[in-house]
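Chain residues, written in single-letter form:
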Amino acid sequence: MEAGSGICYSKPVKNLVLVGFMGSGKTDAGKVAAKRLGMAFVDMDAIIEVRLGQTISQVFEAKGEPFFREQERALVRELSAKMGQVIATGGGIVLDAGNLREFERTGVVVCCWVDARVAYERTKHARHRPLLEADADRLARVESLLRVREPLYKAIPLRVDTSAMSVEQQANELIRIYKQQAGG
Ligand code: S3P
């Protein structure tokens, strides 16, 4: 507060950016954390779906994965320019290192790690993830995708192993890390 001016210069609130494999609880725990932190919750896949008027599966089918990744890239730039959001990213956001660099400028980036078996259990009934539909052996598909991405997820310094956590526990941990990092 500037003495006597009546103008309050509050520090911009950093974003909390949740990165992690499909089934790592980014959306569920992110919503809970956002509510408790009094921040806006933003789901990247949901925004892309609304803007394109298609589900993610339809986008992959009609326009292909490279097109989807371009949409993600553009949205990362847009969201990084704003503050005060909890952002649930899509699991493949780590495939372009530029995405993480962009997010780090204005946010606290936290990786939600999940073991392959748990990721499989949490996603086995869902039908909205095109990358998991490609193979009849879904567990093998989760394992092979995660094996490729593991070094990318594990290169993120702030990490929560969500494998044995409830949504509540994960949200608590995310809030703790965020407050520590953002200095709130
Ligand atoms: C993807 C994860 C999905 C979605 C798309 C691709 C990925 O998001 O962006 O199906 O490459 O891991 P969730 O992680 O929210 O399921």
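Above this note sits the structure.
Basis of the calculations
Residues numbered from 1 in each chain as written. Predicted model: local features only at pLDDT ≥ 70, side-chain atom pairs only at ≥ 80, totals over all residues. Heavy atoms only, no water. Disulfide = S-S within 2.5 Å. Buried < 20%, exposed > 50% of the residue type's maximum accessible area, 1.4 Å probe, protein only. Near = heavy atom within 4 Å. Polar contact = N/O pair within 3.5 Å; in protein donor to acceptor, adjacent residues only side chain to side chain. Areas by Shrake-Rupley, 256 points an atom, 1.4 Å probe, with all protein chains shown as cover. Helix = DSSP H or I, 4+ residues; strand = E, 2+ residues; numbered from the N terminus. Nonpolar A, V, L, I, M, F, W, Y, C, P; charged D, E, K, R; others polar. Pairing = 2+ DSSP bridges. Axes fitted to C-alpha atoms, helices over the stretch in contact; angles between N-to-C directions.

A. Focus on the state of the cysteines. Scanning all chains against the criterion turns up zero disulfides. Note on Cys111: no disulfide assigned, nearest cysteine sulfur contributed by Cys112 at a separation of 6.6 Å. Accessibility expressed as a relative area gives 0% for Cys111, which makes it buried. Taking the relative accessible area as the measure of exposure, Cys112 reaches 1% and is therefore buried.

B. Inspection of the site of the ligand at higher detail. Near the ligand there are 13 residues, and of these Lys26, Asp45, Arg69, Arg129 and Arg149 occur at the shortest range. Separating an oxygen atom of the ligand from a side-chain N or O atom of Asp45 is a distance of 2.8 Å. In isolation the ligand exposes 390 Å². Once the protein is present, 95% of that is buried. Elements with a minimum of two residues in the shell around the ligand: helix 4 (65-80) and helix 7 (130-133). Among the residues making up the shell around the ligand, the classes are represented as five nonpolar, three polar and five charged.

C. Expanded view of the sheet that holds strand 2 (residues 40-43). Taking strand neighbours across the sheet as the criterion, the five strands line up as 2-3-1-4-5 in an open arrangement whose pairing is parallel. The two strands at the open ends of the sheet, each matched to only one other strand, are strand 2 and strand 5 (159-161). Ignoring strand direction, the axes of neighbouring strands in this sheet form an average angle of 20°. With three bridges joining them, strand 4 (residues 107-113) and strand 5 adopt parallel strand pairing. Its bridge partner being in strand 5, Cys111 is matched across the sheet by Arg159.

D. Representation of the pairing of strand 4 in the model. In terms of burial, strand 4 is a largely internal element, seven of the seven residues being buried. Here strand 4 shows no split at all, with Gly107, Val109, Cys111 and Trp113 on one side and Val108, Val110 and Cys112 on the other all buried. Note: strand 1 (residues 15-20) against strand 4, six bridges, orientation parallel. The residue bridging Gly20 from the neighbouring strand is Cys112, located in strand 4.

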